[in-house]
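A closer look at the structure
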Amino acid sequence: MTGKERREQLLDVARALFAERGFDGASVEEIAHRAKVSKPVVYEHFGGKEGIYAVVVDREMQELLSRMTEALAENAHPRLLLERAAVSLLDYVEGSTDGFRIMVRNSPVATSTGTFSSLLNDIASQVEDILGVQFDSRGYDRKLAALYSQALVGLVALTGQWWLEVRKPGRDEVAAHLVNLAWNGLSHLEGGPVLRERAR
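Keep in mind it's a predicted model, so treat the numbers as computed, not measured. (Residues numbered from 1 in each chain as written. Predicted model: local features only at pLDDT ≥ 70, side-chain atom pairs only at ≥ 80, totals over all residues. Heavy atoms only, no water.)

1. What to know about the overall build of the protein chain
A count of helical and extended segments in the protein chain gives 10 helices and zero strands. When the helices and strands of the protein chain are placed in sequence order, the string is α-α-α-α-α-α-α-α-α-α. Oriented by its inertia axes, the alpha-carbon framework of the protein chain measures out at about 60 × 35 × 30 Å. Of all intrachain contacts in the protein chain linking residues separated by at least 6 positions in sequence, the fraction that spans at least 24 positions is 64%. In the protein chain, which carries 24 positive and 28 negative side-chain charges, the distance between the mean positions of the two groups comes to 3 Å. (Helix = DSSP H or I, 4+ residues; strand = E, 2+ residues; numbered from the N terminus. Contact = heavy atoms within 4.5 Å. Lys, Arg positive; Asp, Glu negative; His and termini not counted. Charge placed at Lys NZ, Arg CZ, Asp CG, Glu CD.)

Given below as structure tokens:
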């Protein structure tokens, strides 16, 4: 293997191990054993467990942030943006289960990207900008956009954590119910919500 290929292999092995056992339950010995290399190879590439963990977490943070940014980038009706954000997070949970497990655990290691909480704050800032425009156009107090963005992102993120374990109902149904609650509020829930973008 080239050095780059070895590094990628070690990251893949470490990612699976951290998802399975958490940071404290994983060891350099186990990473090396699963990768069929000696411990010094792991140290040579990452300096230790903290180094490889930080790279794994940074990659996951960037992947999720990229997906959420893309979901919110297009100018569309606010309800469709909410749908896209919910589906985007649940897509990530479904397709990158190991990565999401790693991110939602309390990280003992500072990473260059930050923590799951700081990632959610980054996403909430983007949502705040979108809500601010909508609040202005409807005569609402723009200062409240920050509060609402935190509430919406928290709603989706915590539901994503719960759904990570249960996986029922399906992704689109979970997203439809999230949007139903966020868009209609408890007093105006639809009886059988569906994602409007999927219904086209």
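2. Examining unusual backbone geometry
Backbone torsion omega between lysine 168 and proline 169 reads 0°, so that peptide bond is classified as cis. Position of proline 169 among the secondary structure elements: in the loop between helix H8 (145-166) and helix H9 (171-184). Even without being a glycine, lysine 36 presents a positive backbone phi close to 60°.

3. Let's talk about the UniProt feature "domain: HTH tetR-type" (unreviewed entry) in the protein chain
Sequence positions flagged by UniProt for "domain: HTH tetR-type" (unreviewed entry) are, in local numbering, residues 4-64. From the first C-alpha to the last, residues 4-64 spans 23 Å; its make-up is 89% helix and 0% strand. (UniProt positions renumbered as here; feature names shortened; annotations may be inferred.)

4. Some remarks on the nonpolar core
Judged by nonpolar contacts, the single largest core of 57 residues is most densely connected at Phe18 and Ile31. Residue contacts for isoleucine 31: discarding those within four places in its chain leaves Leu10, Val13, Ala14, Leu17, Phe18, Val42 and Ile52. (Core = buried A, V, L, I, M, F, W, Y, C linked by side-chain atoms within 4.5 Å. Buried < 20%, exposed > 50% of the residue type's maximum accessible area, 1.4 Å probe, protein only.)

5. Points about the side chain of asparagine 184
Structurally, the position occupied by asparagine 184 is in helix H9. Under the relative-accessibility criterion, asparagine 184 is labelled buried at 18%. Within the structure, asparagine 184 has its side chain in polar contact with the side chain of asparagine 180 (distance 2.7 Å). Filtering out sequence-adjacent residues up to four positions away, asparagine 184 remains in contact with Arg79, Val179, Leu189 and Glu190. (Polar contact = N/O pair within 3.5 Å; in protein donor to acceptor, adjacent residues only side chain to side chain.)

6. Re a nonpolar patch on the surface
Together, Leu144, Leu147 and Tyr148 make up a nonpolar patch on the protein surface, roughly 290 Å² of accessible area in all. With respect to the helices and strands, the residue tyrosine 148 is situated in helix H8. Given a relative accessible area of 43%, tyrosine 148 falls into the partly exposed group. (Patch = residues over 30% accessible without salt bridge, like charges linked within 9 Å, V, L, I, M, F, W, Y side chains within 5 Å. Areas by Shrake-Rupley, 256 points an atom, 1.4 Å probe, with all protein chains shown as cover. Salt bridge = Lys/Arg side-chain N within 4 Å of Asp/Glu carboxyl O.)

7. So, the packing of aromatic side chains
Applying the stated rule across the entire model yields seven aromatic pairs. Ring centres of phenylalanine 18 and phenylalanine 23 lie 6.2 Å apart, and the angle between their planes is 20°; on these two criteria the pair is classed as stacked. In this pair, the class of phenylalanine 18 matches that of phenylalanine 23, namely buried. Plain terms: the ring middles of phenylalanine 135 and tyrosine 140 are 5.6 Å apart, the flat faces sit at 90° to each other, and that makes the pair edge-to-face. Judged by its relative accessible area of 10%, phenylalanine 135 is buried. Connected via pairs of aromatic rings, a cluster forms that spans Phe18, Phe23 and Tyr53. It is lysine 49 that lies over the ring of phenylalanine 23; its NZ or CZ is 4.2 Å from the centre. (Phe/Tyr/Trp six-rings, centres within 6.5 Å; stacked < 30°, edge-to-face > 60°. Lys NZ or Arg CZ within 6 Å of the ring centre and 35° of its normal.)

8. Topic: the pattern of salt bridges
A full pass over the atoms with the stated rule returns 15 salt bridges. A salt bridge links glutamate 83 to arginine 79; its shortest N-O distance comes to 3.6 Å. Placement of both glutamate 83 and arginine 79 in helix H5 (residues 78-95) is noted, with a separation of four residues, approximately one turn of the helix. A residue is classified by how much of its surface remains accessible, and glutamate 83, at 2% relative accessible area, is buried. Close ionic contact of aspartate 172 with arginine 198 constitutes a salt bridge, the shortest N to O distance being 3.0 Å. Of this pair, aspartate 172 sits in helix H9 while arginine 198 sits in helix H10 (residues 196-199); the two residues are 26 residues apart in sequence, bridging distant segments of the chain. On the accessibility criterion, arginine 198 (44% relative accessible area) is partly exposed.

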